[in-house]
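Here is what each chain is made of, one letter per residue.
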Amino acid sequence: NYTRFHFRETLERIVSNAEKILFLSAGDGSKEYYFANRYPDKDIAIADICDDMLRVIQRHAANPNLGIFVTDNLSVHTLQEQFDVVVALGCEYFYDDSKFVSMLESIYSAVKPGGMLALASFCVDREMTRGDVRSRLQFLARKAVSYFPLLAVLTNLVIKRRLVKFAGFTRELSDFDALFWKSPFYLKRIEFEGGADQYGQPAVLFELLKLVHPDSV
């Protein structure tokens, strides 16, 4: 059911108060399709590395203003457009800390001053101890999908995100906070969704602002 997803009420608030919105890593496009049809008068764009899926969403959506961008999240700065809100839902699993910060910096350039990045993910309460062999396999899996993002998309379609469970970079809340400090964004709000978890990892939504006068903070 494309009307059921994490943080729906919060995303409704964020999207309804914006005029120009970009959704990153559209995937199957269920959430993007929902918002495009709910707000047909808004300037909404969707981005993903899969061109075919983007065009399917565009063809069936009721929003005549729906735009599409074929890009990964490390290249958002090349769009040369700025948005009131950029939404990135569960799209950073396979980025190590360095690439995670690079992703934030790339997205930052696509957010208007005073605008926002809504970033949803899953976080852990503590690091799970792994055996040496398992840790090595995890490292190799992370490295593979880091260099070939399409591999993550294809494997997730086949094995329902089990690769994320095995190889994804799991972060504690403090890890996210430390990475946000390295980025140009200002962390405004953190929201946990009760009862929403994936493999024991609670769902969390970060609202990150691009300040109009960043030097004032």
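A brief look at the structure comes next. On a predicted model such as this, the values are computed, not experimentally measured, just so you know.

As a further point, take the overall build of the chain. Regarding its fold elements, the chain presents 8 helices and 8 strands. Counting only contacts in the chain whose residues sit at least 6 apart along the sequence, the fraction spanning at least 24 positions is 68%. Counting only carbon and sulfur atoms, one obtains 52% of the accessible surface of the chain, whose full area is about 11500 Å².

On to the nonpolar core, then. Within the largest apolar cluster, 31 residues are counted, with the highest numbers of intra-cluster contacts made by Leu11, Ile21, Phe23, Phe35, Ile46, Leu66 and Val87. Broken down by secondary-structure element, the contributors of at least two residues to this core are helix H1 (8-16), strand E1 (20-24), helix H2 (30-38), strand E2 (43-48), helix H3 (51-60), strand E4 (83-89), strand E5 (111-124) and strand E8 (201-209). Apart from the residues within four sequence positions on either side, Phe23 is in contact with Val15, Glu32, Phe35, Ile44, Ala45, Ile46, Ala47 and Val87. Leu22, Ala45, Leu104 and Val111 belong to the second-largest nonpolar core, a separate cluster that totals 30 residues.

Right, let's talk about the packing of aromatic side chains for a bit. Evaluated as defined, the whole model comprises 10 aromatic pairs. Seen from their ring centres, Tyr34 and Phe35 are 5.0 Å apart, and the 75° between their planes marks the pair as edge-to-face. According to the relative accessible area criterion, Tyr34 is buried, its value standing at 7%. Between Phe180 and Phe206 the ring centres are 4.9 Å apart and the planes differ by 70°, which places this aromatic pair in the edge-to-face class. With Phe180 in helix H8 (residues 173-182) and Phe206 in strand E8, the pair connects residues that are 26 residues apart, well separated along the chain. The burial state of Phe180 is the same as that of Phe206; both residues are buried.

This part takes up unusual backbone geometry. Despite not being glycine, Ser25 has its phi angle at roughly 50°, a positive value. By the element assignment, Ser25 lies in the loop between E1 and H2. For Ser25, a relative accessible area of 28% gives the class partly exposed. A positive phi is found at Gln80, a non-glycine position, where the angle reads about 60°. Note on Gln80: relative accessible area 75%, which makes it exposed.

As for its placement among the helices and strands, Cys91 is situated in the loop between E4 and helix H4 (97-108). Using a relative accessible area of 12% as the deciding quantity, one classes Cys91 as buried. Sequence spacing of Cys91 and Gly27 is 64 residues, and the spatial spacing of their C-alpha atoms is 9.4 Å. Other than its neighbours up to four places away in sequence, Cys91 contacts Ser25, Asn73 and Met103.

Under the defined criterion, the tally for this structure stands at 10 salt bridges. The closest approach of N and O atoms between Asp84 and Lys112, which form a salt bridge, is 3.5 Å. With Asp84 in strand E4 and Lys112 in strand E5, the pair connects residues that are 28 residues apart, well separated along the chain. By relative accessible area, Asp84 is classed as partly exposed at 21%.

Among the secondary structure elements, Thr71 is positioned in the loop between strand E3 (67-70) and E4. Given the relative accessible area of 10%, Thr71 is considered buried. Once residues lying within four places of it in the same chain are set aside, the contact partners of Thr71 are Ala47, Asp48, Ile49, Val76 and Leu79.

Before going further, it helps to spend a moment on a nonpolar patch on the surface. Judged by side-chain polarity, Leu173, Ile190 and Phe192 come together as a nonpolar surface patch covering roughly 240 Å² of accessible area. In this structure, Ile190 sits in strand E7 (residues 186-198). Look at Ile190 and you get partly exposed, because its relative accessible area is 35%.

Quick notes on the rules
- Residues numbered from 1 in each chain as written.
- Predicted model: local features only at pLDDT ≥ 70, side-chain atom pairs only at ≥ 80, totals over all residues.
- Heavy atoms only, no water.
- Helix = DSSP H or I, 4+ residues; strand = E, 2+ residues; numbered from the N terminus.
- Contact = heavy atoms within 4.5 Å.
- Areas by Shrake-Rupley, 256 points an atom, 1.4 Å probe, with all protein chains shown as cover.
- Core = buried A, V, L, I, M, F, W, Y, C linked by side-chain atoms within 4.5 Å.
- Buried < 20%, exposed > 50% of the residue type's maximum accessible area, 1.4 Å probe, protein only.
- Phe/Tyr/Trp six-rings, centres within 6.5 Å; stacked < 30°, edge-to-face > 60°.
- Salt bridge = Lys/Arg side-chain N within 4 Å of Asp/Glu carboxyl O.
- Patch = residues over 30% accessible without salt bridge, like charges linked within 9 Å, V, L, I, M, F, W, Y side chains within 5 Å.

That's the geometry; what it means functionally is another story.
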